[in-house]
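Fold and geometry: a report
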Amino acid sequence: MNRGNRILLSCVYWAFVLYVFVPLILMILMGFKDSKFIGFPIKSWTLDWYTGIFADAEILSTLGYSAAIAVLATLISVAVGTWIAVLLEGRKFWGRTAIFGMTVLPALVPGIISAIAFRIYARYLGIEPGMGAIVWAHAVHNVPFVVLVVMARLSTLPKSQLEAARDLGADPIIAFLRITLPYLVPAILGASIFCLLLSFDDFVRSFFLGGYEPTLPVLIFAKLKSGMSPEINAIATVALVLTAAIGIWAERFTRRMNKDTKA
Amino acid sequence: MTDQTPLVRIEGVSKHFGDTVALDNLTLDIARGEFVTFLGPSGCGKSTTLRILGGFERPTTGRVILDGQDVTTQPPEKRQVNMVFQDYALFPHMTVGQNISFGLELKGMDKTSIKRRSDEIMAFLELDAFGDRYPAQLSGGQRQRVALARALAPDPALLLLDEPLGALDAKLRGQVQQELKSIQRRTNKTFFFVTHDQEEALTMSDRIVVMNKGRVEQDGTPEDLYFHPASRFVAEFIGETNLLSGEMRGHDGDAVVMDWFGQTLRGHAPAGAPPEGAPITASVRLEKLGFHASRPETGNAVQGKVVGKTFLGSRMAVDLMVEEAQGATLRAFVDAETGQTVGADPVWIGWDSDSMAVLRD
């Protein structure tokens, strides 16, 4: 690569970085502005918006509600997804491709369509809008990601590992619990974090299937309707820091585990 | 051990994968305490045999008897057989100690016995210092020893070894070969070793079974196979050899008489003599050819011209052309000094009838 190309490439790269991060930086800055109106110039700074949200019972309970939904949905999707991955990976049977396709489909259906479909289906089944319905929709939406991540990891498990376990006296169930499952831990953890973030972040499904209690994105949306204020920036910043921290930690953790357990 | 019944009895075992026949009607006994090697190129059926003994494949037909018990349909976890895998298959999330204890735990041993046994086997294989390490922290040779320790720990009746030296470098391999042989002697276990490396097989085995296309090509001691190969395949697969194509002429006492481009030669036929007039191939090892200044009194002799020499350190490979045999060539190993002196003048090449085997094609 010649010098001109390298400069051009780095310009494109930094332009992209600006494009991604400038809105975030602006959002964070405005959360510290000592005025009700968002926009420059910022004449004085304050932490009031932050103390405000941490004192606001509604915001805190919404945060807890969103977190609870995310954890429940993740637990369900990881259990179901891992099970499907183990059934599908490395096996040949009639209809395998069809089952795999149907498993992955929920990830590809546009959110708004699946949200409406869930709403109709929930009503048909007599499920009340609220936490249960949201968890159900999130779990279904997240299963494909778990299946794909776990299958990818499972496909790298050497066949000889399970044969060695059998050879040493393990029946297929013990071999699964003591060899396959520990091998899958990094993938399951990675998929869990991803599901947590997807669920925490979801607006459309939560909006359509929610009852009176809003999730965090739905609350922010409701607050936006009554006008933009730096309070929303503060809430968004807290959510950003939380999710980014979890995401970065998970990325490093799973990378280290993958390295440690390489056969 | 005075038990004379075979440990393993393979009775008419065949294995088909779709249309391919991986193993064709194999019948074989393995004695207790024997180091038996299945040798052959890839796809010869040696690994299939090993996997059938381990319980990972079920034979299409035939039976496998282990210690008097029919185990043909028994799953691997029920068999008193353990295996050292080609890639070792150590469990990456367990320490060396946990890897070795795995089989003991599943045998239902109590904690103190497990500890005693795994300590014992680790001391035996000089792994004491590595008990708390993970496989990823070990060298290739150490991993190989852990795999061996893990397989030996449950005290199996039969130990299967699937090309376990393939991943080691040449220098280490020689050392491990000696080690394996000595471990087998000290434990008095029956080892079933699979390899495609003829040198490995010759060094370690009490008995070698040469496999080709799903069938036994020859079954015997390393010396037998080397000096008295029964077939062209065995002669070519094990070591380097001179192959002489000729025609069967008849018998002279125990010896077989053949015609080699007008030269009358005597050999022996370990696989039985073909009928008179049949085209045959005979094999003479390179080191069995001797050089003489005049025609030797006994045995086979032809006169040859030196056409090439290759210095190999302790010895020399000399290529010779035999004009009287329509310019056919022979290759001989001689010590380096003899090799240097031969050259311009034709030499007499002599060999015993015992050292030339008439082969089955």
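Here, every reference points to the structure presented above.
Now for a description of the structure that goes with this document. Just so you know, these numbers come straight off a predicted model, no measurement behind them.

1. Concerning the interface of chain A and chain B
Across the contact, 18 residues belong to chain A and 19 residues belong to chain B. Where the side of chain A that touches chain B is concerned, the elements lending two or more residues are helix H7 (159–167) and helix H8 (172–201) of chain A. For the side of chain A that touches chain B, the leading source of residues is H7(A), giving 6 residues.

2. A look at the nonpolar core
Among the nonpolar cores identified, the biggest contains 131 residues, and Val150(A), Ala149(B) and Phe192(B) are the most heavily contacted of them. With 13 residues, helix H6 (residues 131–154) of chain A is the largest single contributor of residues to this core. What Val150(A) contacts, discounting residues up to four positions off in sequence, is Gly81(A), Thr82(A), Ala85(A), Leu184(A), Ala187(A), Ile188(A) and Ala191(A). The next biggest cluster of nonpolar side chains, apart from the first, holds 9 residues, and it includes Ile59(A), Ile232(A), Ala234(A) and Ile235(A).

3. So, the sheet that holds strand S15 (residues 290–292) of chain B
Residue and element names in this part refer to chain B. One open sheet accounts for 5 strands, arranged S15-S19-S16-S17-S18; its pairing is antiparallel. Of all the strands in the sheet, just S15 and strand S18 (328–335) have a single pairing partner and so form its edges. With strand direction ignored, the average angle separating the axes of adjacent strands in the sheet is 50°. As paired strands, S15 and strand S19 (residues 347–351) are joined by 3 bridges and run antiparallel to one another. By the bridge assignment for S19, Phe-291 is matched with Ile-349.

4. Here we look at unusual backbone geometry
Residue and element names in this part refer to chain B. Look at Asn-25: it is not a glycine, yet its phi comes out positive at around 50°. Mapped onto the elements, Asn-25 comes out in strand S2 (residues 20–30). For Asn-25, a count of 14 C-beta atoms within 10 Å translates into the label partly exposed.

5. Concerning the environment of Ala325(B)
Residue and element names in this part refer to chain B. Along the chain, Ala-325 turns up in the loop between strand S17 (315–322) and S18. Between the C-alpha atom of Ala-325 and that of Arg-185, which follows or precedes it by 140 residues, the distance is 49 Å. Ala-325 has contacts with Trp-260, Phe-261, Gly-262, Gln-263 and Val-302, leaving out every residue within four places of it along the chain.

Quick notes on the rules
- Numbering of residues begins from 1 in every chain and follows the order in which that chain's sequence is written.
- Chain A is the first chain written and ligand 1 is the first ligand written, with later ones labelled in order.
- It should be noted that, the model being predicted, local features are given only for residues of pLDDT at least 70 and side-chain atom pairs only at 80 or more, the latter also being counted only at that level, while totals for whole chains, interfaces and linings use all residues.
- Contacts are defined on C-beta atoms placed from the backbone: any two residues whose C-beta positions lie within 7 Å are in contact.
- Only DSSP runs of H or I covering at least 4 residues are called helices, and only runs of E covering at least 2 are called strands; the numbering of each starts at the N terminus.
- The nonpolar core criterion groups buried Ala, Val, Leu, Ile, Met, Phe, Trp, Tyr and Cys residues into a set whenever they are joined through C-beta atoms within 7 Å.
- Backbone-placed C-beta atoms define the burial measure: a residue is buried with 20 or more other C-beta atoms within 10 Å of its own, exposed with 12 or fewer, and partly exposed in between.
- For two strands to be treated as a pair, DSSP must find at least two bridges joining them.
- Angles run from 0 to 180 degrees between N-to-C directions of axes, and those axes are lines fitted to C-alpha atoms, restricted for helices to the stretch in contact.

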